[in-house]
Amino acid sequence: MDIVLKVNNLTKTYSGSEGKQVRALEEISFEVPRGIIFGLLGPNGAGKTTTIKSICGLVQPDAGSISVNGWDVQCQRAKALAQLTAVLEGNRNIYWRLTPRENLEFFAAIRGRKPRRLNREIPELLEVFGLTEKANQPVRKLSRGMQQKLALAVTLVTGAPILLLDEPTLGLDVKASYEIRSLLRRIVQEEQRTVIITTHDMNVVQDICQHVVIINEGRIVANDNIQHLLDLFQVRSYDLVVGQLTPGQRTGLEQIPHLRLEPVNSGWQISLDMENPTLLWQALDVLGSEQTPIESVSRKELNFEKVFMEILGGAKA
Ligand SMILES: Nc1ncnc2c1ncn2[C@@H]1O[C@H](COP(=O)(O)OP(=O)(O)O)[C@@H](O)[C@H]1O
Ligand SMILES: [Mg+2]
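Note on numbering: residues in each chain are counted from 1, in written sequence order. To label them, take the chains in the order written and letter them from A, then take the ligands in the order written and number them from 1. Residues qualify for local features only when their pLDDT is at least 70, as the model is predicted, and side-chain atom pairs are given and counted only at 80 or more; totals for whole chains, interfaces and linings, by contrast, use all residues.

Quick look at the sheet that holds strand β8 (residues 194-198)
We call two strands paired when DSSP finds no fewer than two bridges between them. Going along the chain from the N terminus, every DSSP run of H or I of four or more residues is numbered as a helix, and every run of E of two or more is numbered as a strand. The strand order across the open sheet formed by six strands is β6-β7-β8-β3-β9-β10, and the pairing between neighbours is mixed. Strand pairing shows two members of the sheet lacking a second neighbour, β6 (84-87) and β10 (219-225), which therefore form its edges. Taken over all neighbouring pairs, the strand axes of this sheet differ in orientation by 15° on average, direction set aside. With four bridges joining them, strand β3 (residues 37-41) and β8 adopt parallel strand pairing. Pairing of F38 across the sheet is with I196, part of β8. Lying on the sheet, helix α1 (residues 48-55) is in contact with β3, β6, β7 (162-166), β8 and β9 (211-216); it crosses β7 at an angle near 150°. Contacts from helix α8 (residues 226-233) reach β9 and β10, with the element oriented near 100° to β10. Axis geometry follows a simple rule: fit a line to the C-alpha atoms, using only the stretch in contact for helices, then measure angles between N-to-C directions, giving values from 0 to 180 degrees. Once C-beta atoms are placed from the backbone, any two residues with those atoms within 7 Å are in contact.

Some words on the nonpolar core
Any nonpolar core is a set of buried residues, restricted to Ala, Val, Leu, Ile, Met, Phe, Trp, Tyr and Cys, that join up through C-beta atoms within 7 Å. The exposure label follows from counting other C-beta atoms within 10 Å of a residue's C-beta, where the C-beta atoms are placed from the backbone and the thresholds are 20 or more for buried and 12 or fewer for exposed, leaving partly exposed in between. L150, A153, V157, L164 and V195 are the most contacted members of the largest nonpolar core, which has 66 residues in total. Top element by residues in this core is helix α5 (residues 144-157). It accounts for eight residues. With near-sequence residues (within four places) excluded, V157 lies in contact with L104, F107, A108, E121, I122 and L125. Residues L240, I270, A283 and V286 belong to the second largest nonpolar core, which totals 11 residues.

Comments concerning the environment of S237
In this fold, S237 is placed in strand β11 (residues 236-242). On the basis of neighbour counts, which here come to 16 C-beta atoms within 10 Å, the residue S237 falls in the partly exposed class. In this structure the C-alpha to C-alpha distance between S237 and L280, which are 43 residues apart in sequence, comes to 10.0 Å. Setting aside anything within four residues of it in sequence, one finds S237 in contact with L272, D273, R299 and K300.

What about the pairing of strand β1 (residues 3-15)?
Relative to strand β2 (residues 21-33), β1 is paired through nine bridges, and the arrangement is antiparallel. Opposite K6, over in β2, you have E31 as the bridge partner. What sits between β1 and β2 in their antiparallel hairpin is a turn of five residues, with E18 showing a positive phi close to 55°. Here β1 runs beside strand β4 (residues 63-68); their pairing, made up of five bridges, is antiparallel. Residue pairing across strands places L5 opposite V68, the latter belonging to β4.

Digging into the domain arrangement of the chain
For every domain, the bounds stem from an assignment made automatically or drawn from a database. What the domain assignment reports for the chain is domain 1 (3-231) and domain 2 (235-298). Here the C-alpha centroids of domain 1 and domain 2 sit 47 Å apart.

A closer look at helix α3 (residues 100-110)
Residues P100, N103, L104, F107 and A108 constitute the buried set of α3. For α3, the angular spread of the buried residues around the axis is 125°, confining them to a single face. In the core, the buried residues of α3 are packed alongside α4 (115-128) and α5. G112 sits one or two positions beyond α3 and adopts a positive phi of about 75°. What the arc describes is the spread of directions from the helix axis to the C-beta atoms.

Next up, the structure:
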């Protein structure tokens, strides 16, 4: 496997107010293979932005090392940083007085891209990002979603193979968030670039990330493939809606482990979280004893949000 980023035992302590030391990262290590969307997740204050800034050389770690495509961020800084481009948290890396076209031209030029290729590439990027119509308007007049899309386009025009995006969908409406997600998928699939993204939004994670690292209080609590994490936490969960129950049936059902009973409009809802499928038979026996009508049976889908909460819950315990 082709590894594009290696983070090795990264540790960072900030000196906070009144001389208080804040341990933001504690011996974080992970590797990112080429050509995937890699999620760096964790609650507020976990250390995500500190990690991203350390990779970009903007934060000086106390210990540990980072290499980007084999170049060390500290010892071979220029070579390492030439491999990557970033959109930092809440900061659209674009000039507000310039137009989208001018921003693309400017950022391509400072990265030394050749003008001949850009004559084709810039109109293509504007088109793909839905910015052709606004190509000649000052950026400050564009919507937040369009500004964010331009910020992403600017990272692409630099030609760097690795993109670091800190909360790229934060504050965007649903439509813009979907558009950004499909653009990211396309970049990775068609161009074999690598995207490292931090986000709070577990829908974004489940939708586009192949692999995640979860950080909590400066330490890694999970480092795994998304599908594997979902499988690991996959509990068989069922919801049944049934008719009226006799007091005896209610007592019988309440004795079944991992079963919750709640009144609904015309009867009861039974929720079962279980590792052992025989529990469902027990519940069905109780219902069958009075021939209680079963109105619906559905299997609950496990989403990544739940996995995330379980992992963090486990980390705190
Ligand atoms: N410049 C700074 N000075 C002092 N403390 C900081 C600074 N930047 C971040 N921190 C602290 O470091 C921890 C990690 O922050 P950060 O990396 O921004 O987390 P995240 O991006 O996951 O929300 C937090 O406790 C935060 O308050
Ligand atoms: Mg952050």
